[in-house]
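Residue-level listing of the chains:
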Amino acid sequence: MKKTSADILDYYDEEVVKMISEKYGFNQITSFRKFLSSESYSMLLDPELEMWEFGPAGIFDMWENEQITGDPRSSLYLRGDEVE
């Protein structure tokens, strides 16, 4: 089974955790734990989904939508809605 590269995961871990910490005021460890335990992170791990194409802001949006709605698929990045 093919895996998402460690370099890609390290980059997203650092960037998304920083965004979570900055927006929600969690320390780095708490933010990292919240991200690692999310479905959004599980999706990032799946190389077939190619989630790295969204960039850190997209993955953060998915994570944030997951926290609010329970489903990362409610993210604008995955729904494909037009932004006006």
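Predicted model only: the values in this text are computed from it and were never measured.

Visitor: It is not clear to me how unusual backbone geometry should be interpreted in this structure. Could you clarify?
Guide: Leave glycine aside and you will find that most residues have negative phi; peptide bonds, for their part, are mostly trans. The backbone of Glu50 sits at a positive phi, close to 50 degrees, despite the residue not being glycine. When you line up the elements, Glu50 lands in the loop between helix H3 (39-45) and helix H4 (55-69).

Visitor: Can you help me understand the packing of aromatic side chains in this one?
Guide: Ring pairs (aromatic) are described by centroid distance and by the angle formed between their planes. Per the stated rule, a full pass over the model turns up six aromatic pairs. Where Tyr11 meets Tyr12, the ring centres are 5.4 Å apart and the plane angle is 85 degrees; that geometry is what we call edge-to-face. Given a relative accessible area of 43%, Tyr11 falls into the partly exposed group. Judged by relative accessible area, which is 4%, Tyr12 ranks as buried. Taking 5.9 Å as the distance between ring centres and 70 degrees as the angle between the ring planes, the aromatic pair formed by Tyr24 and Trp63 counts as edge-to-face. Of this pair, Tyr24 sits in helix H1 (residues 6-24) while Trp63 sits in helix H4, and the two are 39 residues apart along the sequence. Given the relative accessible area of 36%, Tyr24 is considered partly exposed. Here the aromatic cluster, defined as three or more aromatic residues joined through ring pairs, consists of Tyr24, Phe26, Phe60 and Trp63.

Basis of the calculations
Residues numbered from 1 in each chain as written. Predicted model: local features only at pLDDT ≥ 70, side-chain atom pairs only at ≥ 80, totals over all residues. Heavy atoms only, no water. Helix = DSSP H or I, 4+ residues; strand = E, 2+ residues; numbered from the N terminus. Phe/Tyr/Trp six-rings, centres within 6.5 Å; stacked < 30°, edge-to-face > 60°. Buried < 20%, exposed > 50% of the residue type's maximum accessible area, 1.4 Å probe, protein only.

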